[in-house]
Amino acid sequence: MIDLRSDTVTKPTAAMREAMARAEVGDDVYEEDPTVNALQEYAAALLGKEAALFVPSGTMANLIAFLIQARPGDTVILAEESHPFHYEAANLSRVGGLMPWPVPDAFGKLTPDAVEKRIVQIDDPHFSHTAVVSIENTTNRGGGACYDVEEVRALGALAREHGIKLHCDGARLFNACAATGASAADYAQHCDTICFCLSKGLGAPAGSILAGTRSAMRAALQCRKMLGGGMRQIGILAAAGLHALQHHLPDLAEDHRRAREFRAALEANGGAFVMPSPTNILYLRHPSPFALVGALAQRGVFTLPHEADSIRAVFHRDIDDTMLGEALDHFKAAYAETMP
Ligand SMILES: Cc1ncc(COP(=O)(O)O)c(C=O)c1O
């Protein structure tokens, strides 16, 4: 089985399981789990932020960032193609009483111009006020596009100018770092809050990190409890996250290399892609996405249909060069079989 549906399918390695088994644990709701505390300190340092909080998922990290930086009735500006707008079960409105305001983007990326047009701060009872701008780095539905640090700096400056907050959904932040050469702290310095997932390309079984100021993370801690995300002896999971941060970051560039080779080989074979793919996420154009996904699945290659015109393939650490070669053979055959 070659599973290209997502980088979330990565499984813990033997060394990661070993680190999990050895982890010292305590009750994290009492803030007494030494491994969780170590992970949070390590992640905060990596991001150059005062504090970090280990949370169960990227979805919860984003939601907490919105809840602590906006009040019910406020607006959160985000990209039309953003993950919170498409895939987080309308939690901004259902849980936060917040209005998501999607703005046009380029491959999931926002520009200061597009954002500024939508910032509302008028003292008039008709209006919901903008509290937060949320960016995604890398973009999921935007083909893994990444921001340059300068672009994030400009958005951070715009947010500050208007007295609003900039949140970065960096579910795949380290993929952006691998692609641009910037450090996580280079990006984070321009954001009030930033999160990343340990459970995607980094290969941990669960968990995300949210970071910001110490006082923001105190508010986040209460919010996590309110959402039911306070867990107990989760040093076992934190150990996996620490192991991933200490050992797996360099491997992301290899995922990107395989994604490039995959794309080049399919393009040479007549395949067309919907958008650029600078990191590990590719959208291959096909008139009958379900037919292609089905034909690939018959051959043991798993992908996801995307919209009416493409399928998604994501490269990750559980796909090696041999599997890449096999996947390419299956793609070429399935493509030929399903093209009208
Ligand atoms: C860009 C982005 N943000 C947030 C999430 C949510 O992460 P989780 O699945 O851990 O809730 C994902 C998950 O795929 C994502 O791709």
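Everything discussed here concerns the structure shown above.
Residues numbered from 1 in each chain as written. Predicted model: local features only at pLDDT ≥ 70, side-chain atom pairs only at ≥ 80, totals over all residues. Heavy atoms only, no water.

**Some details on the site of the ligand**
Logical step 1: Near the ligand, the surroundings consist of 13 residues, among which Gly58, Thr59, Asn140, Asp169 and Arg172 are the closest.
Logical step 2: Between the ligand and the protein, one listed contact pairs an oxygen atom with a backbone N or O atom of glycine 58 at 2.8 Å.
Logical step 3: Between lysine 200 and the ligand, the recorded distance is 2.9 Å, taken from a side-chain N or O atom to an oxygen atom.
Logical step 4: Within the complex, the protein chains bury 85% of what would otherwise be the 390 Å² of accessible surface of the ligand.
Logical step 5: Because more than half of its atoms lie within 2 Å of the grid, the ligand is assigned to the largest pocket.
Logical step 6: Class assignment of the residues belonging to the shell around the ligand gives a composition of 2 nonpolar, 6 polar and 5 charged. (Near = heavy atom within 4 Å. Polar contact = N/O pair within 3.5 Å; in protein donor to acceptor, adjacent residues only side chain to side chain. Areas by Shrake-Rupley, 256 points an atom, 1.4 Å probe, with all protein chains shown as cover. 1 Å grid on protein atoms, 1.4 Å probe; cavity = no way out; pocket = protein on both sides within 12 Å on 5 of 7 lines; lining within 4 Å. Sits in = over half its atoms within 2 Å of the grid points. Nonpolar A, V, L, I, M, F, W, Y, C, P; charged D, E, K, R; others polar.)

**Things to note about the packing of aromatic side chains**
Logical step 1: Evaluated as defined, the whole model comprises 3 aromatic pairs.
Logical step 2: Considering the side-chain rings of phenylalanine 174 and phenylalanine 196, the 4.9 Å spacing of their centres and the 80° angle between planes classify their relative orientation as edge-to-face. Of this pair, phenylalanine 174 sits in helix H8 (residues 173-180) while phenylalanine 196 sits in strand S7 (residues 193-197), and the two are 22 residues apart along the sequence.
Logical step 3: By relative accessible area, phenylalanine 196 is classed as buried at 0%.
Logical step 4: The structure contains a cluster of three or more aromatic residues connected by ring pairs, namely Phe262, Phe315 and Phe331.
Logical step 5: Directly above the aromatic system of tyrosine 147 lies the positively charged group of lysine 109, at a separation of 5.4 Å from the ring centroid. (Phe/Tyr/Trp six-rings, centres within 6.5 Å; stacked < 30°, edge-to-face > 60°. Helix = DSSP H or I, 4+ residues; strand = E, 2+ residues; numbered from the N terminus. Buried < 20%, exposed > 50% of the residue type's maximum accessible area, 1.4 Å probe, protein only. Lys NZ or Arg CZ within 6 Å of the ring centre and 35° of its normal.)

**Overview of empty space enclosed by the protein**
Logical step 1: Summed over all chains, the structure comprises 3 cavities of 30 Å³ or more.
Logical step 2: One number sums up the size of the largest cavity: a volume of about 60 Å³.
Logical step 3: For the largest cavity, the full set of lining residues is Gly170, Ala171, Arg172, Leu173, Phe174, Asn175, Phe196, Cys197, Lys200, Gly201, Leu202 and Leu252.
Logical step 4: If you list the elements that add at least two residues to the lining of the largest cavity, you get H8 and S7.
Logical step 5: For the lining of the largest cavity, the leading source of residues is H8, giving 3 residues.
Logical step 6: For the lining of the largest cavity, the residue count by class is 7 nonpolar, 3 polar and 2 charged.
Logical step 7: Breaking the lining of the second largest cavity down by element, the ones donating at least two residues are strand S3 (75-79) and strand S5 (130-136).
Logical step 8: The element best represented in the lining of the second largest cavity is S5, accounting for 3 residues.
Logical step 9: Across the lining of the second largest cavity, the residue classes tally to 4 nonpolar, 3 polar and 2 charged. (Points joined across faces, edges and corners; volume = space filled by probe spheres on them.)

**Some remarks on the nonpolar core**
Logical step 1: In this structure, Leu47, Phe196, Leu198 and Ile209 are the most contacted members of the largest nonpolar core, which totals 49 residues.
Logical step 2: Counting 23 residues, the second largest nonpolar core, distinct from the first, contains Leu292, Ala295, Ile311 and Ile319. (Core = buried A, V, L, I, M, F, W, Y, C linked by side-chain atoms within 4.5 Å.)

**Quick word on the sheet that holds strand S11 (residues 304-306)**
Logical step 1: Here we have 3 strands laid out as an open sheet, ordered S9-S12-S11, and antiparallel in their pairing. Whereas interior strands pair on both sides, the edge strands pair on one side only; in this sheet they are strand S9 (281-285) and S11. Between one strand axis and the next, the sheet turns through 35° on average, direction left out of account.
Logical step 2: Summarising the sheet, S9 and strand S12 (residues 310-314) pair through 5 bridges and their orientation is antiparallel. By the bridge assignment for S12, arginine 285 is matched with serine 310. (Pairing = 2+ DSSP bridges. Axes fitted to C-alpha atoms, helices over the stretch in contact; angles between N-to-C directions.)

**Quick word on the sheet that holds strand S2 (residues 51-55)**
Logical step 1: Judged by pairing direction, the sheet is mixed, and its 7 strands sit side by side in the order S2-S8-S7-S6-S5-S3-S4 without closing on themselves. What marks the edges here is a single partner per strand, and that holds for S2 and strand S4 (99-103). In this sheet, adjacent strand axes meet at a mean angle of 20° when their direction is disregarded.
Logical step 2: Judged from the 5 bridges that link them, S5 and strand S6 (residues 165-169) form a sheet pairing that is parallel. Bridging from a neighbouring strand, valine 132 pairs with lysine 165 of S6.

**Focus on the layout of surface pockets**
Logical step 1: Taken as a whole, the largest pocket spans an internal volume of roughly 320 Å³.
Logical step 2: Together, 21 residues line the largest pocket, and His83, Tyr87, Asn140, Arg172 and Lys200 are the ones closest to its centre.
Logical step 3: Residues that form the lining of the largest pocket fall into these classes: 5 nonpolar, 10 polar and 6 charged.
Logical step 4: The residues that make up the lining of the largest pocket include at least three from each of domain 1 (7-246) and domain 2 (251-338).
Logical step 5: In this model, the second largest pocket occupies a volume close to 270 Å³.
Logical step 6: In this structure, the second largest pocket is lined by 15 residues; those nearest its centre are Glu31, Gln40, Ala51, Ala52 and Arg218.
Logical step 7: Every element with two or more residues in the lining of the second largest pocket is listed here: helix H2 (34-47), S2 and helix H10 (214-226).
Logical step 8: A total of 5 residues in the lining of the second largest pocket trace back to one element, the largest contributor, which is H10.
Logical step 9: Here the residues of the lining of the second largest pocket sort into 6 nonpolar, 2 polar and 7 charged. (Domains from an automatic or database assignment.)

**As for H2**
For the α-helix, the turn length of 3.6 residues means that residues three or four positions removed from each other point alike.
Logical step 1: If you check H2, its first and last C-alpha atoms are 20 Å apart, about what 14 residues at 1.5 Å a residue would give, namely 20 Å.
Logical step 2: Those residues of H2 that sit buried are Thr35, Val36, Leu39, Gln40, Ala43, Ala44 and Leu47.
Logical step 3: For H2, the N-terminal cap is aspartate 33; the gap from its side-chain oxygen to the backbone nitrogen of threonine 35 is 2.9 Å. (Expected span 1.5 Å × (residues − 1).)

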